[in-house]
Structure formats: C-alpha cells, structure tokens
Amino acid sequence: MRRAILLLALVWVPFLSIFVFAHPSVTGAVGDSYPHVAFHLVSPALLVTAAVLALRLRRDRPGERWARGVLGLLALALAVTVLGNAIELLAAVRRLAGDGWASRLTPDLFLSGAGLHGAGASLTIPAHMASMVLTLAVVALEGIRARRSPGGRPERTREAAARR
C-alpha cells in the first residue's frame, strides 16, 4: 500500500505544484517565464519516477489482470504526459530566449491553441488528468487487495520476491 500512496503523490504533486509556480505573488515578482520553465523541469522528473514505479508495481502483479491493466494504462498516460510536458518546456524556453532570457509576463502563451505550447498542453492536460484518476484506482485496488489478505497485508508471491 505504501508504494501505491507514493505513486499517488508522484502523480498528484506536479498538478498541485502548478498553483505554487503560477501564484500571483511569484509571477508578479519574477514574471511568468522562470517559474514556467522551472515547473516544466520539475514535473517530468516526478512523472517519470511515477511511470517507473507503475511499471514495477505492474511487474509484481503476475496473476492480477485488473491491476496489471490499470497500471499499464497509467504508465502509458504518464508517458504521454511527459511527452506533452517536454513540448511545453520547449515552447517556454523558446519564448524565454525570444524575450532575451528575461522573465516577463506571457499571458499569450497560455491562450487556447497558442502554437507549440498549446499543442503540448493538449497532450499534457488530458493525460495528466487520466493519470490522476488511474492512481486513485490503483490505491483503491491496493486497499481492496490488502483488505482481502489475511492479516491485512497482501501475500508476496514467490515470483515477486525473486525479482527483488
């Protein structure tokens, strides 16, 4: 259950950190560009870690089709999220370079369909939302699995123990 909670945190923290990076006190003090680029550097690191954890959890569930299916979908959604995030990072860095590496307010970058950033966001947003829902499903499945096991802890299979 601990790994499922860690997975939940790794997927949800990047979403929640948007509110920190885009807070008016931050953008008012330093402009949009620096926090925007920083967000797109921090977020993929957490999301790639989440994808690796999801694949490890999937590997440890040899006979559980539902859990393997949900974890496989989660890994795929996370990969699409990271790809979209990389595209958004490219757009943000191009804009920062175009502004002479000075952080400025860039509301035009966030308009719907705003070129490269809009294309990246059209991948990132739905995939990240799907990832968030799928992590909730993983936590629910892990909770059910733990509840059904004797002693409240799932038994480790010999195959899963051998892989460690």
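For the structure itself, look to the data block above.
The structure presented is a predicted model; accordingly, all values stated were derived computationally and were not measured.

(A) Broad picture of the overall build of the protein chain. On a plain count of helices and strands, the protein chain comes out with 6 helices and 0 strands. Secondary structure elements in the protein chain, listed N-terminal to C-terminal, are α-α-α-α-α-α. Burial status across the protein chain gives 38% buried among its 164 residues. When contacts within the protein chain are restricted to residue pairs at least 6 apart in sequence, those whose partners lie at least 24 apart make up 78%. Accessible surface, the protein chain: about 9400 Å² in total, of which carbon and sulfur atoms supply 68%.

(B) Summary view of the nonpolar core. If you look at the biggest cluster of nonpolar residues, it comprises 20 residues, and the most contacted ones within it are Leu7, Ala50, Leu71, Leu74, Leu78 and Val138. Of all elements in the fold, only helix H1 (2-21), helix H3 (33-59), helix H4 (65-98) and helix H5 (115-148) reach the threshold of two or more residues within this core. With near-sequence residues (within four places) excluded, Leu74 lies in contact with Leu7, Ala54, Ser131, Leu134, Thr135 and Val138.

(C) Quick look at a nonpolar patch on the surface. A grouping of Leu16, Ile18 and Phe19 is seen on the molecular surface, where their side chains present a nonpolar patch of about 280 Å² in accessible area. You can see Leu16 is positioned in helix H1.

(D) Fine view of the packing of H1 against H3. The geometry of H1 relative to H3 is characterised by a closest axis approach of 9 Å and an angle of 165° between their N-to-C directions. The orientation of H1 with respect to H3, classified from their angle, is roughly antiparallel. Handedness of the crossing formed by H1 with H3: left-handed. Packed against H1, whose contacting residues are Arg3, Leu6, Leu7, Leu10, Val11, Val13, Pro14, Ser17, Ile18 and Phe21, the element H3 presents Pro35, Ala38, Phe39, Val42, Ser43, Leu46, Leu47, Thr49, Ala50, Leu53, Ala54 and Leu57 at the interface. Grouping the constituent residues of the contact of H1 with H3 by class yields 18 nonpolar, 3 polar and 1 charged.

(E) Seen up close, H4. Taking 1.5 Å of rise per residue, 34 residues should cover 50 Å, and H4 covers 49 Å from first to last C-alpha, within 8% of that figure. Immediately beyond the C-terminal end of H4, within one or two residues, lies Gly100, with a positive phi of roughly 70°.

Parameters at a glance
Residues numbered from 1 in each chain as written. Predicted model: local features only at pLDDT ≥ 70, side-chain atom pairs only at ≥ 80, totals over all residues. Heavy atoms only, no water. Helix = DSSP H or I, 4+ residues; strand = E, 2+ residues; numbered from the N terminus. Buried < 20%, exposed > 50% of the residue type's maximum accessible area, 1.4 Å probe, protein only. Contact = heavy atoms within 4.5 Å. Areas by Shrake-Rupley, 256 points an atom, 1.4 Å probe, with all protein chains shown as cover. Core = buried A, V, L, I, M, F, W, Y, C linked by side-chain atoms within 4.5 Å. Patch = residues over 30% accessible without salt bridge, like charges linked within 9 Å, V, L, I, M, F, W, Y side chains within 5 Å. Salt bridge = Lys/Arg side-chain N within 4 Å of Asp/Glu carboxyl O. Axes fitted to C-alpha atoms, helices over the stretch in contact; angles between N-to-C directions. Parallel < 35°, antiparallel > 145°, perpendicular 65-115°, else oblique. Left-handed = near helix turned anticlockwise from the far one by under 90°. Nonpolar A, V, L, I, M, F, W, Y, C, P; charged D, E, K, R; others polar. Expected span 1.5 Å × (residues − 1).

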